[in-house]
Amino acid sequence: MKIQPRQVSVRALTSGYVDSGDAGVVGFDGQLNIRPAYQREFVYKDEQRNKVIDTVRKGYPLNVMYWVRNPDPSAPADDSLAKFEVLDGQQRTLSICKYVNSDFSINEQYFHNLTQDQKDAILNYELTVYVCEGPESEKLEWFRTINIAGERLTEQELLNAVYTGPWLSWAKTRFSKPNCPAQAMASDYLTGSPIRQEYLETALSWISGDKPASYMAAHQSDKTAVELWNYFSGVINWVKATFPVVRKEMKSVPWGTLYNKHKDDDLDPIELEKRVAELMQDEEVTRKAGVYAYVLTGQERQLSLRAFSDKVKRETYTKQAGICADGACPEKTRIFKLDEMEADHIDPWHAGGRSIASNCRMLCKGCNRRKGGT
(Lines give C-alpha, C1' and ligand atoms only; values in the text may rest on other atoms or scores of the structure.)
Protein backbone atom coordinates (compact mmCIF):
# COMPACT_ATOMS: atom_id res chain seq x y z
CA MET A 1 0.00 0.00 0.00
CA LYS A 2 1.51 3.35 -1.13
CA ILE A 3 0.80 6.16 1.36
CA GLN A 4 1.55 9.84 0.69
CA PRO A 5 0.84 12.74 3.09
CA ARG A 6 -0.65 15.94 1.78
CA GLN A 7 -2.24 19.12 3.16
CA VAL A 8 -5.79 19.94 2.10
CA SER A 9 -7.38 23.25 3.03
CA VAL A 10 -10.96 23.43 4.21
CA ARG A 11 -11.55 25.76 1.26
CA ALA A 12 -10.47 23.05 -1.17
CA LEU A 13 -12.27 20.29 0.73
CA THR A 14 -15.62 22.08 0.75
CA SER A 15 -15.42 23.33 -2.82
CA GLY A 16 -18.14 21.61 -4.79
CA TYR A 17 -19.67 20.03 -1.70
CA VAL A 18 -22.99 18.39 -2.52
CA ASP A 19 -25.07 16.09 -0.33
CA SER A 20 -27.46 14.15 -2.56
CA GLY A 21 -28.74 11.80 0.16
CA ASP A 22 -28.74 8.18 -0.98
CA ALA A 23 -27.14 9.26 -4.26
CA GLY A 24 -23.95 10.17 -2.40
CA VAL A 25 -21.95 13.04 -0.90
CA VAL A 26 -19.03 14.66 -2.73
CA GLY A 27 -16.55 17.47 -2.15
CA PHE A 28 -13.08 18.62 -3.28
CA ASP A 29 -14.50 19.91 -6.59
CA GLY A 30 -16.34 16.66 -7.12
CA GLN A 31 -13.19 14.56 -6.86
CA LEU A 32 -13.79 13.26 -3.31
CA ASN A 33 -16.47 10.67 -2.51
CA ILE A 34 -17.11 11.63 1.11
CA ARG A 35 -19.59 8.88 1.85
CA PRO A 36 -18.71 5.71 -0.09
CA ALA A 37 -21.17 2.81 -0.05
CA TYR A 38 -19.30 1.10 2.78
CA GLN A 39 -19.49 4.10 5.09
CA ARG A 40 -22.31 4.64 7.59
CA GLU A 41 -24.64 7.65 7.75
CA PHE A 42 -23.65 10.74 9.72
CA VAL A 43 -23.68 9.55 13.34
CA TYR A 44 -21.84 12.28 15.26
CA LYS A 45 -23.79 13.81 18.11
CA ASP A 46 -24.05 17.62 18.20
CA GLU A 47 -21.33 17.81 20.86
CA GLN A 48 -18.87 15.77 18.77
CA ARG A 49 -19.69 17.76 15.63
CA ASN A 50 -19.26 21.09 17.42
CA LYS A 51 -15.90 20.07 18.90
CA VAL A 52 -14.58 19.46 15.38
CA ILE A 53 -15.53 22.99 14.36
CA ASP A 54 -14.13 24.45 17.59
CA THR A 55 -10.83 22.68 16.91
CA VAL A 56 -10.66 24.15 13.41
CA ARG A 57 -11.59 27.67 14.55
CA LYS A 58 -8.86 27.63 17.19
CA GLY A 59 -6.30 26.31 14.71
CA TYR A 60 -5.62 23.14 16.72
CA PRO A 61 -4.62 20.03 14.75
CA LEU A 62 -7.28 17.44 13.92
CA ASN A 63 -6.40 13.77 13.75
CA VAL A 64 -5.02 12.54 10.45
CA MET A 65 -7.56 11.58 7.79
CA TYR A 66 -7.15 8.89 5.15
CA TRP A 67 -8.29 8.94 1.54
CA VAL A 68 -8.02 6.20 -1.06
CA ARG A 69 -6.92 7.29 -4.52
CA ASN A 70 -8.98 5.73 -7.29
CA PRO A 71 -7.75 7.41 -10.48
CA ASP A 72 -9.35 7.09 -13.86
CA PRO A 73 -7.01 4.73 -15.78
CA SER A 74 -7.04 7.16 -18.71
CA ALA A 75 -6.23 10.20 -16.55
CA PRO A 76 -2.78 11.78 -16.22
CA ALA A 77 -0.50 10.60 -13.43
CA ASP A 78 -0.97 13.81 -11.43
CA ASP A 79 -3.93 14.43 -9.12
CA SER A 80 -5.72 16.92 -11.37
CA LEU A 81 -8.23 14.34 -12.61
CA ALA A 82 -7.86 11.79 -9.83
CA LYS A 83 -10.84 10.53 -7.85
CA PHE A 84 -10.66 9.88 -4.12
CA GLU A 85 -12.86 8.36 -1.46
CA VAL A 86 -12.74 8.91 2.30
CA LEU A 87 -11.34 5.86 4.02
CA ASP A 88 -11.17 7.28 7.56
CA GLY A 89 -12.39 10.67 8.79
CA GLN A 90 -15.85 10.77 7.24
CA GLN A 91 -17.56 12.13 10.36
CA ARG A 92 -15.01 14.95 10.74
CA THR A 93 -15.20 15.75 7.03
CA LEU A 94 -18.99 15.93 7.06
CA SER A 95 -18.95 18.09 10.20
CA ILE A 96 -16.72 20.62 8.45
CA CYS A 97 -18.62 20.57 5.17
CA LYS A 98 -22.00 20.88 6.83
CA TYR A 99 -20.87 23.85 8.91
CA VAL A 100 -19.32 25.71 5.97
CA ASN A 101 -22.54 24.98 4.08
CA SER A 102 -24.44 26.59 7.01
CA ASP A 103 -26.41 23.41 7.68
CA PHE A 104 -26.14 24.00 11.44
CA SER A 105 -25.15 26.76 13.85
CA ILE A 106 -22.95 26.88 16.92
CA ASN A 107 -24.05 29.25 19.67
CA GLU A 108 -26.68 30.56 17.26
CA GLN A 109 -24.00 31.48 14.76
CA TYR A 110 -23.99 29.94 11.28
CA PHE A 111 -20.96 30.09 9.01
CA HIS A 112 -22.60 32.83 6.95
CA ASN A 113 -22.96 34.93 10.14
CA LEU A 114 -19.19 35.02 10.71
CA THR A 115 -17.01 37.97 9.79
CA GLN A 116 -14.86 37.55 6.71
CA ASP A 117 -11.66 37.09 8.72
CA GLN A 118 -13.36 34.39 10.80
CA LYS A 119 -14.53 32.66 7.61
CA ASP A 120 -11.05 32.87 6.11
CA ALA A 121 -9.48 31.37 9.25
CA ILE A 122 -11.69 28.32 8.81
CA LEU A 123 -11.35 28.07 5.02
CA ASN A 124 -7.55 28.40 5.16
CA TYR A 125 -7.20 25.76 7.88
CA GLU A 126 -5.18 22.81 6.54
CA LEU A 127 -6.10 19.20 7.18
CA THR A 128 -3.48 16.48 7.18
CA VAL A 129 -4.56 13.76 4.78
CA TYR A 130 -2.77 10.51 3.99
CA VAL A 131 -3.60 9.37 0.47
CA CYS A 132 -3.46 5.59 0.13
CA GLU A 133 -3.04 3.77 -3.15
CA GLY A 134 -2.75 0.04 -3.73
CA PRO A 135 -4.47 -3.19 -4.75
CA GLU A 136 -7.87 -4.19 -3.37
CA SER A 137 -6.25 -7.14 -1.61
CA GLU A 138 -4.49 -4.73 0.79
CA LYS A 139 -7.45 -2.45 1.40
CA LEU A 140 -9.25 -4.45 4.10
CA GLU A 141 -6.09 -5.05 6.13
CA TRP A 142 -5.15 -1.37 5.99
CA PHE A 143 -8.67 -0.36 6.95
CA ARG A 144 -8.46 -2.64 10.01
CA THR A 145 -5.14 -1.05 10.95
CA ILE A 146 -6.34 2.55 10.96
CA ASN A 147 -9.75 1.79 12.46
CA ILE A 148 -8.52 2.39 15.98
CA ALA A 149 -10.46 5.40 17.23
CA GLY A 150 -13.79 7.19 17.05
CA GLU A 151 -16.93 5.36 15.97
CA ARG A 152 -15.37 1.95 15.32
CA LEU A 153 -16.50 -0.06 12.33
CA THR A 154 -18.14 -3.46 12.50
CA GLU A 155 -16.79 -6.48 10.64
CA GLN A 156 -19.47 -6.00 8.00
CA GLU A 157 -18.52 -2.36 7.51
CA LEU A 158 -14.94 -3.47 6.96
CA LEU A 159 -16.10 -5.94 4.31
CA ASN A 160 -18.14 -3.18 2.70
CA ALA A 161 -14.93 -1.17 2.35
CA VAL A 162 -13.47 -3.87 0.11
CA TYR A 163 -16.50 -5.02 -1.86
CA THR A 164 -18.13 -1.67 -2.63
CA GLY A 165 -20.05 -1.54 -5.90
CA PRO A 166 -23.58 -1.55 -7.36
CA TRP A 167 -24.55 -4.74 -5.51
CA LEU A 168 -23.67 -3.20 -2.13
CA SER A 169 -25.37 0.11 -2.91
CA TRP A 170 -28.59 -1.73 -3.75
CA ALA A 171 -28.34 -4.01 -0.71
CA LYS A 172 -27.94 -1.05 1.62
CA THR A 173 -31.28 0.38 0.51
CA ARG A 174 -32.95 -2.78 1.85
CA PHE A 175 -30.79 -3.64 4.87
CA SER A 176 -28.80 -0.63 6.06
CA LYS A 177 -31.06 2.38 6.52
CA PRO A 178 -33.12 3.37 9.57
CA ASN A 179 -36.62 1.88 9.15
CA CYS A 180 -35.46 0.02 6.06
CA PRO A 181 -37.56 -2.82 4.56
CA ALA A 182 -35.51 -5.49 6.37
CA GLN A 183 -36.09 -3.84 9.73
CA ALA A 184 -39.81 -3.42 9.06
CA MET A 185 -40.09 -7.08 8.11
CA ALA A 186 -37.80 -8.74 10.66
CA SER A 187 -37.37 -6.57 13.76
CA ASP A 188 -39.15 -9.23 15.86
CA TYR A 189 -36.64 -11.87 14.79
CA LEU A 190 -33.24 -10.11 14.62
CA THR A 191 -31.02 -8.23 17.02
CA GLY A 192 -28.76 -5.35 16.08
CA SER A 193 -29.02 -2.13 14.13
CA PRO A 194 -29.44 -1.65 10.36
CA ILE A 195 -27.23 1.45 10.40
CA ARG A 196 -24.35 -0.59 11.84
CA GLN A 197 -24.83 -3.11 9.00
CA GLU A 198 -25.95 -5.89 11.37
CA TYR A 199 -29.06 -6.78 9.38
CA LEU A 200 -26.97 -7.07 6.22
CA GLU A 201 -24.35 -9.08 8.09
CA THR A 202 -26.99 -11.53 9.34
CA ALA A 203 -28.56 -12.02 5.91
CA LEU A 204 -25.16 -12.62 4.32
CA SER A 205 -24.17 -15.10 7.01
CA TRP A 206 -27.35 -17.09 6.40
CA ILE A 207 -27.18 -17.22 2.62
CA SER A 208 -23.43 -17.86 2.45
CA GLY A 209 -23.06 -20.41 5.24
CA ASP A 210 -20.96 -17.98 7.31
CA LYS A 211 -18.78 -17.01 4.34
CA PRO A 212 -19.95 -13.45 3.64
CA ALA A 213 -16.69 -12.30 2.04
CA SER A 214 -16.90 -15.05 -0.59
CA TYR A 215 -20.51 -14.18 -1.38
CA MET A 216 -19.79 -10.46 -1.64
CA ALA A 217 -16.78 -11.07 -3.87
CA ALA A 218 -18.88 -13.18 -6.24
CA HIS A 219 -21.67 -10.59 -6.47
CA GLN A 220 -19.74 -7.32 -6.11
CA SER A 221 -20.48 -6.15 -9.67
CA ASP A 222 -24.10 -7.33 -9.80
CA LYS A 223 -26.53 -4.51 -10.52
CA THR A 224 -28.86 -5.52 -7.69
CA ALA A 225 -28.98 -7.72 -4.58
CA VAL A 226 -32.39 -9.17 -5.46
CA GLU A 227 -31.16 -12.72 -4.78
CA LEU A 228 -30.18 -11.82 -1.22
CA TRP A 229 -33.41 -9.90 -0.62
CA ASN A 230 -35.61 -12.71 -1.93
CA TYR A 231 -33.73 -15.23 0.21
CA PHE A 232 -34.03 -13.06 3.33
CA SER A 233 -37.73 -12.50 2.70
CA GLY A 234 -38.17 -16.25 2.28
CA VAL A 235 -36.51 -16.96 5.64
CA ILE A 236 -38.65 -14.46 7.54
CA ASN A 237 -41.89 -15.55 5.87
CA TRP A 238 -41.07 -19.18 6.72
CA VAL A 239 -40.49 -18.25 10.36
CA LYS A 240 -43.77 -16.35 10.55
CA ALA A 241 -45.68 -19.28 9.06
CA THR A 242 -43.93 -21.99 11.10
CA PHE A 243 -43.83 -20.20 14.47
CA PRO A 244 -46.70 -17.68 14.37
CA VAL A 245 -46.49 -16.70 18.06
CA VAL A 246 -43.89 -13.96 18.50
CA ARG A 247 -41.63 -14.17 21.59
CA LYS A 248 -38.63 -12.12 22.65
CA GLU A 249 -36.44 -15.26 22.53
CA MET A 250 -36.84 -15.34 18.75
CA LYS A 251 -34.29 -12.53 18.33
CA SER A 252 -31.42 -14.87 19.27
CA VAL A 253 -32.32 -17.76 16.94
CA PRO A 254 -30.17 -18.54 13.84
CA TRP A 255 -33.24 -18.57 11.59
CA GLY A 256 -31.35 -18.77 8.32
CA THR A 257 -29.52 -21.92 9.39
CA LEU A 258 -32.79 -23.58 10.43
CA TYR A 259 -34.48 -22.46 7.22
CA ASN A 260 -31.69 -23.89 5.07
CA LYS A 261 -32.10 -27.32 6.70
CA HIS A 262 -35.84 -27.53 7.36
CA LYS A 263 -37.65 -25.32 4.84
CA ASP A 264 -38.90 -28.40 2.93
CA ASP A 265 -39.95 -30.40 6.02
CA ASP A 266 -43.61 -31.20 6.55
CA LEU A 267 -44.16 -29.14 9.71
CA ASP A 268 -47.31 -28.59 11.74
CA PRO A 269 -47.28 -25.05 13.22
CA ILE A 270 -50.01 -25.90 15.74
CA GLU A 271 -48.14 -28.90 17.16
CA LEU A 272 -44.86 -27.00 17.14
CA GLU A 273 -46.42 -24.15 19.10
CA LYS A 274 -47.74 -26.55 21.73
CA ARG A 275 -44.27 -28.02 22.20
CA VAL A 276 -42.59 -24.60 22.23
CA ALA A 277 -45.03 -23.32 24.85
CA GLU A 278 -44.33 -26.34 27.09
CA LEU A 279 -40.57 -25.97 26.82
CA MET A 280 -40.71 -22.24 27.53
CA GLN A 281 -42.29 -23.11 30.89
CA ASP A 282 -39.85 -25.94 31.68
CA GLU A 283 -37.44 -24.87 34.42
CA GLU A 284 -34.90 -27.47 33.25
CA VAL A 285 -34.42 -25.52 30.00
CA THR A 286 -31.98 -22.70 30.69
CA ARG A 287 -31.52 -21.54 27.09
CA LYS A 288 -35.00 -20.65 25.87
CA ALA A 289 -33.85 -19.44 22.43
CA GLY A 290 -32.67 -23.01 21.76
CA VAL A 291 -36.24 -24.31 21.99
CA TYR A 292 -36.93 -23.53 18.34
CA ALA A 293 -33.93 -25.46 17.09
CA TYR A 294 -34.74 -28.33 19.46
CA VAL A 295 -38.31 -28.86 18.24
CA LEU A 296 -36.94 -29.07 14.68
CA THR A 297 -33.79 -31.12 15.30
CA GLY A 298 -34.39 -33.02 18.57
CA GLN A 299 -30.86 -32.09 19.72
CA GLU A 300 -30.90 -31.60 23.50
CA ARG A 301 -27.66 -29.63 23.40
CA GLN A 302 -29.70 -26.73 21.97
CA LEU A 303 -31.44 -26.32 25.34
CA SER A 304 -28.56 -26.07 27.83
CA LEU A 305 -30.45 -28.24 30.31
CA ARG A 306 -30.01 -27.52 33.98
CA ALA A 307 -27.04 -29.52 35.22
CA PHE A 308 -26.95 -31.81 38.23
CA SER A 309 -25.64 -30.02 41.31
CA ASP A 310 -22.10 -30.73 42.51
CA LYS A 311 -23.59 -32.25 45.67
CA VAL A 312 -25.67 -34.76 43.66
CA LYS A 313 -22.68 -35.65 41.48
CA ARG A 314 -20.42 -36.28 44.51
CA GLU A 315 -23.03 -38.43 46.26
CA THR A 316 -23.66 -40.48 43.11
CA TYR A 317 -19.92 -40.91 42.54
CA THR A 318 -19.50 -42.22 46.10
CA LYS A 319 -22.36 -44.70 45.69
CA GLN A 320 -20.80 -46.02 42.49
CA ALA A 321 -17.34 -46.17 44.15
CA GLY A 322 -15.82 -44.52 41.09
CA ILE A 323 -17.01 -47.24 38.67
CA CYS A 324 -18.51 -46.11 35.36
CA ALA A 325 -22.26 -46.91 35.27
CA ASP A 326 -22.17 -47.84 31.59
CA GLY A 327 -22.12 -51.64 31.45
CA ALA A 328 -20.37 -51.51 28.08
CA CYS A 329 -17.54 -49.32 29.33
CA PRO A 330 -14.18 -50.50 27.92
CA GLU A 331 -12.66 -49.84 31.36
CA LYS A 332 -15.46 -51.31 33.48
CA THR A 333 -13.08 -52.37 36.30
CA ARG A 334 -11.26 -49.06 36.54
CA ILE A 335 -11.88 -46.72 39.47
CA PHE A 336 -12.13 -43.24 37.99
CA LYS A 337 -11.47 -39.97 39.76
CA LEU A 338 -14.44 -37.64 40.15
CA ASP A 339 -13.06 -35.16 37.61
CA GLU A 340 -12.73 -38.01 35.09
CA MET A 341 -16.50 -38.57 35.13
CA GLU A 342 -19.63 -36.72 34.08
CA ALA A 343 -23.26 -36.84 35.25
CA ASP A 344 -25.87 -38.44 32.99
CA HIS A 345 -29.67 -38.69 33.10
CA ILE A 346 -30.84 -42.31 33.66
CA ASP A 347 -34.23 -41.46 32.18
CA PRO A 348 -33.40 -39.10 29.30
CA TRP A 349 -34.59 -35.55 29.68
CA HIS A 350 -36.62 -35.72 26.46
CA ALA A 351 -38.52 -38.71 27.93
CA GLY A 352 -39.39 -36.80 31.08
CA GLY A 353 -36.26 -37.44 33.15
CA ARG A 354 -35.37 -34.72 35.64
CA SER A 355 -32.05 -33.40 36.96
CA ILE A 356 -32.54 -34.94 40.43
CA ALA A 357 -30.46 -37.37 42.50
CA SER A 358 -32.63 -40.44 41.78
CA ASN A 359 -32.17 -39.90 38.02
CA CYS A 360 -28.40 -39.38 38.10
CA ARG A 361 -25.61 -41.77 37.19
CA MET A 362 -21.92 -41.10 36.68
CA LEU A 363 -20.22 -42.12 33.44
CA CYS A 364 -16.58 -41.84 32.52
CA LYS A 365 -16.00 -39.01 30.07
CA GLY A 366 -15.32 -41.42 27.22
CA CYS A 367 -18.65 -43.24 27.62
CA ASN A 368 -20.61 -40.04 28.13
CA ARG A 369 -19.12 -38.44 25.01
CA ARG A 370 -19.86 -41.54 22.95
CA LYS A 371 -23.39 -41.59 24.26
CA GLY A 372 -23.84 -37.90 23.47
CA GLY A 373 -22.61 -38.39 19.93
CA THR A 374 -25.22 -41.01 19.06
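Residues numbered from 1 in each chain as written. Predicted model: local features only at pLDDT ≥ 70, side-chain atom pairs only at ≥ 80, totals over all residues. Heavy atoms only, no water.

Caption draft 1: Region of interest: the side chain of T55. Residue placement: T55 occurs in helix 2 (residues 46–58). With sequence-adjacent residues up to four places away left out, T55 is seen in contact with Y60, P61, L62 and Y125. (Helix = DSSP H or I, 4+ residues; strand = E, 2+ residues; numbered from the N terminus. Contact = heavy atoms within 4.5 Å.)

Caption draft 2: Molecular detail of the confidence of the model for the protein chain. This prediction gives the protein chain a mean pLDDT of 87; 89% of its residues lie at or above 70. Across the protein chain, the element-wise mean pLDDT spans from 67 in helix 5 (residues 136–146) up to 98 in helix 11 (residues 226–242). (pLDDT = per-residue confidence, 0-100.)

Caption draft 3: Representation of the packing of aromatic side chains in the model. This model, assessed by the stated rule, comprises 16 aromatic pairs. Between W67 and F84 the ring centres are 5.5 Å apart and the planes differ by 55 degrees, which places this aromatic pair in the tilted class. In this pair, W67 sits in strand 5 (residues 65–69) while F84 sits in strand 6 (residues 84–88), placing the two residues 17 residues apart along the sequence. The residues W67 and F84 share a single accessibility class, namely buried. In this structure an aromatic cluster arises from ring pairing among F175, W206, W229 and F232. Lying across the ring of W229, R174 places its NZ or CZ 5.7 Å from the centre. The lysine or arginine in question, K263, covers the ring of Y259, its NZ or CZ lying 5.6 Å from the ring centre. (Phe/Tyr/Trp six-rings, centres within 6.5 Å; stacked < 30°, edge-to-face > 60°. Buried < 20%, exposed > 50% of the residue type's maximum accessible area, 1.4 Å probe, protein only. Lys NZ or Arg CZ within 6 Å of the ring centre and 35° of its normal.)

Caption draft 4: Geometry of helix 6 (residues 155–162). Burial analysis of helix 6 places seven of its eight residues in the buried class, which makes it a mostly covered element. Taken together, the buried positions of helix 6 are occupied by Q156, E157, L158, L159, N160, A161 and V162.

Caption draft 5: Region of interest: the nonpolar core. In this structure, W167, F175, L228, F232, F243, W255 and V295 are the most contacted members of the largest nonpolar core, which totals 50 residues. In terms of residues, this core owes the most to one element, helix 11, which gives eight residues. When near neighbours in sequence (up to four residues on either side) are disregarded, W167 contacts L200, L204, Y215, M216, H219, Q220, D222, T224, A225 and L228. Of all hydrophobic cores here, the second largest spans 32 residues; its members include V52, M65, F84 and V131. (Core = buried A, V, L, I, M, F, W, Y, C linked by side-chain atoms within 4.5 Å.)

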